[in-house]
Amino acid sequence: MNPPNPPVTSAPEDRPRPPRLRPRDRVALGCAAAVTAAVFLHLVLPGPAGTFFAIILPWLWIPALLCVACLPWVRRRARAVLLAPLLAWGLMAAPALIPLQAHAAPQVQAQAQTPAQGGAGSGRITVASQNLKAGSGTDSTARAAGALAERGADVVVLVELDDAGRSAAREVLAERYPHAYTVGTVGIWSRHPLNNTRALGLGLGWKRALAADVETPGGTLTLYAVHAASVRPGEQDARDEMLRDLSQVIADDDAPRAVAVGDFNAVAQDPALAGIRSTLTEPPQSTPSFGFSWPAGLPLARIDHVFQRGLLPQENTMLRAGDSDHLALVASFDFPQ
């Protein structure tokens, strides 16, 4: 009887190898890796580089989708990598598109289930802010101030005020907003009394920020009005120092309810805003959007913000007011019971 034949095995070199990546596969993978890295670089790069990658973050969905569009033209084993940019962008940027109502509903439900603790009564406050663009003219300033008042704002914050603009705003707002305080290029007009008003130097040689306690029926609200120094290529140290000093002022303030609003000349994810974001939060927009505010004609970046703590956000909306190159913002908050 003949012994069984041993199994035939192929030498390793005879086994089929996966197809090698082609040049176009390598190019697509390199682009996917670059876009994925760009999504996260604002987290680790300080200064101008971090600012740049924070500015382009909302727009990285475009190259991310281009990577997905390349799927049919690359090897099968390379396709998973081409999905990484879109997944990374969805993680870092897409949550900002969830509208405010989706965030506010659980807060309202929790508040309804929590017994009132006494103290100040509940209430709502609406804050409006506009960079007027110095030199835009008194007519533009008057129309912007009037538009914000018509939106029912309890507090109007105007920045980039010049002398003519300050006079025009005062003329429009004085009757409805009897309490006012202005410093340098920044001013606030309020329906409610203002206490503890103070100018904030924030490391600059001139005043571009102020603070005040707004005495509302719902309780005291500490308000910070901000007009951060401008950012230009190679020139952002003044802005970074100002925002860093402001974050320290806010961190040292033990006020339970605070709002910081104005033109920060920084997008939401800019490393320069990290200190402020550590103590205050910015509510999302009332509608699914990034809330771009500049330039007003074709908004590409959100550099006007409202940050808060101790309140329940109910509205956060951008609108056109006057002839400024910035959109205005209107935000409403409820006082917790």
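Look up a bit, the structure's there.
Not measured: the values here are computed from a predicted model. (Residues numbered from 1 in each chain as written. Predicted model: local features only at pLDDT ≥ 70, side-chain atom pairs only at ≥ 80, totals over all residues. Heavy atoms only, no water.)

**Q** In this structure, what is going on with the packing of aromatic side chains? I would like to understand it.
**A** Both the distance between ring centres and the angle between the ring planes are used here to describe each pair of aromatic rings. Enumeration over the complete set of coordinates arrives at five aromatic pairs. With a centroid separation of 5.4 Å and 25° between ring planes, the pair formed by W59 and F292 is classed as stacked. Of this pair, W59 sits in the loop between α2 (47–56) and α3 (61–69) while F292 sits in the loop between α9 (274–277) and β9 (304–309); the two residues are 233 residues apart in sequence, bridging distant segments of the chain. With a relative accessible area of 16%, F292 lands in the buried category. Between the aromatic rings of F290 and F292, the centroid separation amounts to 5.7 Å while the plane-to-plane angle is 20°, which identifies the pairing as stacked. By way of ring pairs, the aromatic residues W59, W89, F290 and F292 are connected into one cluster. (Phe/Tyr/Trp six-rings, centres within 6.5 Å; stacked < 30°, edge-to-face > 60°. Helix = DSSP H or I, 4+ residues; strand = E, 2+ residues; numbered from the N terminus. Buried < 20%, exposed > 50% of the residue type's maximum accessible area, 1.4 Å probe, protein only.)

**Q** So what exactly am I meant to see when it comes to the pattern of salt bridges here?
**A** Where charged atoms of side chains with opposite charge meet at close range, the side chains can pair. Evaluation of the coordinates by the stated rule reveals 13 salt bridges. Put simply, R239 and D240 hold a salt bridge, and the shortest N to O gap is 2.7 Å. Overall, R239 belongs to the buried group, its relative accessible area being 1%. A network of salt bridges, in which partner residues are shared, links R22, D25 and R75. (Salt bridge = Lys/Arg side-chain N within 4 Å of Asp/Glu carboxyl O.)

**Q** Sorry, what's going on with the environment of V157 here?
**A** Position of V157 relative to the elements: it lies in strand β2 (residues 155–159). What makes V157 buried here is its relative accessible area of 0%. Sequence spacing of V157 and A128 is 29 residues, and the spatial spacing of their C-alpha atoms is 6.1 Å. Excluding anything up to four places from it in sequence, V157 contacts A128, S129, Q130, G187, I188, L223, A225 and V261. (Contact = heavy atoms within 4.5 Å.)

**Q** Help me out: how do you make sense of the sheet that holds strand β7 (residues 219–227) in this one?
**A** The strands that make up a sheet pair up through hydrogen bonds in the backbone, lying either parallel or antiparallel. The strand order β5-β6-β7-β8-β9 describes an open sheet built from five strands, whose pairing is mixed. Looking along the sheet, the strands with just one partner apiece sit at the ends: β5 (194–200) and β9. Taken pair by pair, the neighbouring strands of this sheet meet at an average axis angle of 15°, ignoring direction. Note that strand β8 (residues 258–263) and β9 share six bridges and pair antiparallel. (Pairing = 2+ DSSP bridges. Axes fitted to C-alpha atoms, helices over the stretch in contact; angles between N-to-C directions.)

**Q** Would you mind showing me how to read the pairing of β7 here?
**A** In summary, the side chains of a regular strand alternate between the two faces of the sheet. Taking burial as the measure, the nine residues of β7 include eight buried ones, the bulk of the element. Where strand β6 (residues 209–216) lies against β7, eight bridges are found, and the strand directions are antiparallel. For A212, the partnering residue across the bridge sits in β7 and is L223. The sheet contact formed by β7 and β8 spans six bridges and is parallel. Opposite H227, over in β8, you have D263 as the bridge partner.

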